[in-house]
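These are the residues of each chain, in order.
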Amino acid sequence: MALTATWNTAHLTRKADTCVAIGVTYEGRDPRLLERLLPFADCIEVTLETIAEVHDGEIALSREVMHELKNIGRAAQIVVHGVGLSIGSHEGWSPTYFRLLDEFLEQVDVAWHSEHLAYTRVDGQHLGIMLAMAKTHEALDLICERVDAIHARYKLPFLLENVVHVVPDAPGDFSEAGFLNALAARTGCGLILDVYNLECDAHNQGFDIEGFLAELDHRHVRELHVACGVEDNGFLLDVHSRLVRPSTLDLAERVVRSANGAVQVVTYEFMPEAIPGLGHDAIVQQLLELRRVLGRLP
Ligand SMILES: [Fe+2]
């Protein structure tokens, strides 16, 4: 089921100084940071699992954080970005994720919601990591069926994001870009391109970013993620603990330009655990840098 009509009306608003909206993660419980972010962010990205708490054995969204998010009002739009759905698990996805999403959407208006094109669970065992899907017809059919079900359930634009390849892909039927093109064309879902993840794959697996971008149908790319992690034993990790490298900003700028208006938001992602190390000032400066870089585009 293509949701072209939904995408036609799903536009993130932005301040006048940039060609796309600027987004930033915020996981609650740091109101002083939120106050600093809002003047420079058009969009706040919320991860449900991070704002969830367990009470009496039941997982539910933190009332304190939901109160904060409801108070944002018109100061910024909110998008949901999940990590726990495990859309690619062969035995099924997480029902808990949908319960959290239902609870969230009952309370807060969102522009769209998104997840990762990956699986985090095998045979009921949590992997503690996201693994990229095999690029096979069978995997494509499974994901498309599930995206259709998500569209039918929520009537909201839904996006899927490329994850880092912790291990090389097994031989498949599609290239990386070919799989994303087919997925978006068949379901009408949007794509989030995490350009730092592309750089990790290039560093760790020799991934050909230029070949990928040349093959990717940019019309489906609605959002970009920028972030930075650390290198460990020669492996570049997507731990989201640092400020964005110039090469990542350049890549984001290039994709926004070549997507010809399809990209609506570029989001800076960092883990809550990284905030003390980064500091509020540096995070604000990062948003200003994004506004500067993306402000010079036509
Ligand atoms: Fe990301």
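Residues numbered from 1 in each chain as written. Predicted model: local features only at pLDDT ≥ 70, side-chain atom pairs only at ≥ 80, totals over all residues. Heavy atoms only, no water.

## Describing the coordination of the iron ion
Here the iron ion is held by E161 (OE), D194 (OD), H225 (ND1) and E269 (OE), and the distances to it run 2.0 to 2.4 Å. The site at the iron ion holds four donor atoms, and with the angles between them running 84 to 168°, its shape is irregular. Along the chain, the residues that donate to the iron ion are spaced as E-x32-D-x30-H-x43-E. Of the two residues, H225 sits in strand β11 (residues 221–226) while E269 sits in the loop between β14 (265–268) and α10 (275–278), which places them 44 residues apart along the sequence. For the pair H225 and E269, one class covers both residues: buried. (Donors = N, O, S within 2.8 Å, 3.2 Å for Na, K, Ca; no water. Tetrahedral: all angles 85-135°; square planar, octahedral: opposite > 155°, others 65-115°. Helix = DSSP H or I, 4+ residues; strand = E, 2+ residues; numbered from the N terminus. Buried < 20%, exposed > 50% of the residue type's maximum accessible area, 1.4 Å probe, protein only.)

## So, the sheet that holds strand β2 (residues 43–46)
With parallel pairing, eight strands are arranged side by side around a closed barrel as β1-β2-β5-β6-β9-β10-β11-β14. Pairs of neighbouring strands in the sheet enclose a mean axial angle of 25°, with direction left out of account. When strand β6 (residues 113–116) meets strand β9 (residues 158–161), the two strands line up parallel, connected through four bridges. By the bridge assignment, H116 is partnered in β9 with E161. This element, helix α5 (residues 137–154), spans β6 and β9 of the sheet and lies at about 145° to β9. (Pairing = 2+ DSSP bridges. Axes fitted to C-alpha atoms, helices over the stretch in contact; angles between N-to-C directions. Contact = heavy atoms within 4.5 Å.)

## Re the packing of aromatic side chains
Throughout the structure, instances matching the rule amount to six aromatic pairs. Their ring planes at 75° and their centres at 6.1 Å tell us that Y97 and F98 sit as a pair that is edge-to-face. Note on Y268 and F270: the rings are 5.3 Å apart at their centroids and 45° apart in plane angle, and the pair reads as tilted. No difference in accessibility class separates Y268 from F270, as the two residues are buried. Following the ring pairs from residue to residue traces out a cluster consisting of W93, Y97, F98 and Y154. The ring of W93 carries the charged tip of R146 above its face, separated from the ring centre by 5.7 Å. (Phe/Tyr/Trp six-rings, centres within 6.5 Å; stacked < 30°, edge-to-face > 60°. Lys NZ or Arg CZ within 6 Å of the ring centre and 35° of its normal.)

## Quick word on the environment of V239
Tracing the sequence through the fold places V239 in the loop between β13 (235–236) and α9 (246–258). Residue V239 is classed as partly exposed on the basis of its relative accessible area, which comes to 29%. Once residues lying within four places of it in the same chain are set aside, the contact partners of V239 are G229, V230 and M271.

## Points about the pattern of salt bridges
One pass over the full model with this rule turns up 15 salt bridges. Linking R36 and D281 is a salt bridge whose minimum nitrogen-to-oxygen distance equals 2.9 Å. In this pair, R36 sits in helix α2 (residues 31–37) while D281 sits in helix α11 (residues 280–295), placing the two residues 245 residues apart along the sequence. On the accessibility criterion, R36 (32% relative accessible area) is partly exposed. Within this structure, D17, D42 and R291 form a network of salt bridges that share partners. (Salt bridge = Lys/Arg side-chain N within 4 Å of Asp/Glu carboxyl O.)

These results come straight from atomic positions and should not be treated as a statement about function.
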